[in-house]
Amino acid sequence: MSSTPPPATEPQSASPPRRALVAGSVGNFIEWYEFGVYGYFATIIAANFFSADGGSDLEALVKTYASFALGFFFRPFGAALFGRVGDRIGRRPTLIIVLLMMTVSTTLIGVLPTYATVGAAAPWLLTLLRALQGLSAGGEFGGAVSVMTEFAPPGKRGLYGAWQSFTVGLGLLAGAGMAAVLATVMSEGALNDWGWRLPFLLTLPLGAVALWVRLKLDETPEFVREHATAGASDAPQSPPTTPGTPAPPVKPSTGRTAKAILLGAGRLMGWSAAGYTFLVVMPSYLQATLDASFQQALIATVLANAGFTAMILPAGRLSDRIGRRAVMLTGAVLITLLSLPLLNLLQDPDTGSVARGAAVFAAGAAVGMLAGPGPAMLSEMFPTSVRYTGLGLAYALSNAVFSGSAGLIITELVKSTGDVDIPAYYAAATCAVSALALWTLRSDDHLRPLRRTAGTEDAENAAKSGKSAEAAP
């Protein structure tokens, strides 16, 4: 693929920040709507695609979550592939490509033949589409967050980045709401037979609207500025020794970028694990472990997602005032301390419905404290030249390991140990580790401008002293 930079000029009419928010959000909404639907209908999908003669329902559910996890494990490949494309040819064209891939693959799930129709080919076809979804989802996050934060006005980067997480919450809520409506208005037989297909087919018109919005988006000013000096960046240069002379751009160090990606994944692992434990896996857990009905499980999940969604934008705005570290650390510590008591509250048969609802709402809100500032925090870790790739890979790796595997790990451990507290242990342990990684954040990162070139500060300091500069992480 050609890496020829775009013309080194500013766009004639810079896209307004509000349009950037909408364009960056629409793809996230569709992506997480579908991932939520898949999780909420996991037991039905298991029966339709993974149940062979002689297999138990729990075994089929484990296989369903294995397919679920596979989609997540393709995300890092998508983040690396589309991140490289997005850092070379632009955020806008890359986001259009990944949106088309997500829309087509999700719609096709709605028309797949089941195990009863084509036998063993059914789970393989489903798994193939999950892999395509994983690739496109991996390329979505880095571009969407880059667009939102690179267009953000001064002092509002946390709020603008929070819209990515907010539309995640809206997507999960829409998926849960659609599942709850279908479970209410349709008979169990019709829902299991063909009704589950409707939420996937709805992705087609949603994708058409999202494509229209993204086609109207301009390239980000940060990307245009970066490529305006691409020629100077590619040419081997030494830092100037004359005081007052601007330092040349410094290419990002591969090793330091990789270190930043791993650190970013560690900072997100609590958000990834706790988010999927409380927001997506919960319906199947409540049904399989606590004998809750499908409707009861969905209502609990809707409340958890409502708490999550309600907290995201306030948390992002607050992080613009007091810093990303303070807000995200608070969320990680709350989940670490309260996961087990909240789960035990749900398990207690004497707990009233109001208390149960408050418990799951609070769990979702705690996750929202991590999700609100998270995108801006990641964006601030990488320079423009590798931002799409870097923050996309950090997010994708964290989700692949700790989100995509959540259902598989929790279901398998509950099955093998009989311990119904496994979800709480999983969420608490990952948030405890995430808190340690978040502690390394600088308290003033929210006050600094986005880094346009790797090692800018080091290069400037070296220029003053006449020494060589090494790219900063």
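Preceding this paragraph is the structure being described.
These numbers were taken from a predicted model, which means no experiment stands behind them. (Residues numbered from 1 in each chain as written. Predicted model: local features only at pLDDT ≥ 70, side-chain atom pairs only at ≥ 80, totals over all residues. Heavy atoms only, no water.)

Visitor: Help me understand helix α21 (residues 422-438) in this model?
Guide: Helical geometry: 3.6 residues make up each α-helical turn, so side chains three or four residues apart lie on a common side. If you check α21, its first and last C-alpha atoms are 24 Å apart, about what 17 residues at 1.5 Å a residue would give, namely 24 Å. Residues of α21 that are buried include every one of Ile-422, Pro-423, Ala-424, Tyr-426, Ala-427, Ala-428, Thr-430, Cys-431, Ser-434, Ala-435, Ala-437 and Leu-438, and no others. Looking at the buried side of α21, the elements it contacts are α14 (254-290), α16 (324-347), α17 (353-371), α19 (387-403) and α20 (406-417). (Helix = DSSP H or I, 4+ residues; strand = E, 2+ residues; numbered from the N terminus. Expected span 1.5 Å × (residues − 1). Buried < 20%, exposed > 50% of the residue type's maximum accessible area, 1.4 Å probe, protein only. Contact = heavy atoms within 4.5 Å.)

Visitor: Could you clarify how one ought to interpret the environment of Gly-171 in this entry?
Guide: Along the polypeptide, Gly-171 turns up in helix α8 (residues 157-185). Discounting residues that sit within four places of it in the chain, Gly-171 has contacts with Phe-29, Trp-32 and Tyr-33.

Visitor: I'm lost on the packing of aromatic side chains in this one. Help?
Guide: The geometry of two aromatic rings is summed up by the distance between their centres and the angle between their planes. Summed over all chains, the structure comprises seven aromatic pairs. Each ring, one from Phe-74 and one from Phe-77, has its centre 6.0 Å from the other, and the planes form 55°; the classification is tilted. Residue class for Phe-74 comes out partly exposed when judged on its relative accessible area of 27%. A relative accessible area of 56% means that Phe-77 is categorised as exposed. Counting every residue linked through ring pairs, the aromatic cluster contains Phe-49, Trp-196 and Phe-200. A cation over an aromatic ring shows up here: Arg-325 above the ring of Trp-439, its NZ or CZ 5.3 Å from the ring centre. (Phe/Tyr/Trp six-rings, centres within 6.5 Å; stacked < 30°, edge-to-face > 60°. Lys NZ or Arg CZ within 6 Å of the ring centre and 35° of its normal.)

Visitor: Sorry, what's going on with the packing of helix α1 (residues 17-40) against α8 here?
Guide: What describes two packed helices is the angle between their axes and the distance between those same axes. Contact pair α1 / α8: the axes reach a minimum separation of 7 Å and the direction vectors enclose 35°. In the packing of α1 onto α8, the handedness of the crossing is right-handed. Partitioning the contact of α1 with α8 into residue classes produces 16 nonpolar, seven polar and no charged. (Axes fitted to C-alpha atoms, helices over the stretch in contact; angles between N-to-C directions. Left-handed = near helix turned anticlockwise from the far one by under 90°. Nonpolar A, V, L, I, M, F, W, Y, C, P; charged D, E, K, R; others polar.)

Visitor: Teacher, can you tell me more about α17 here?
Guide: Taking 1.5 Å as the rise per residue, α17 with 19 residues should run 27 Å; its terminal C-alpha atoms sit 27 Å apart, in good agreement. Here α17 has its buried residues at Gly-357, Ala-359, Val-360, Ala-363, Gly-364, Ala-365, Ala-366, Val-367, Gly-368, Met-369, Leu-370 and Ala-371. Of the surrounding secondary structure, the elements contacted by the buried residues of α17 are α8, α14, α15 (294-322), α16, α18 (374-379) and α21.

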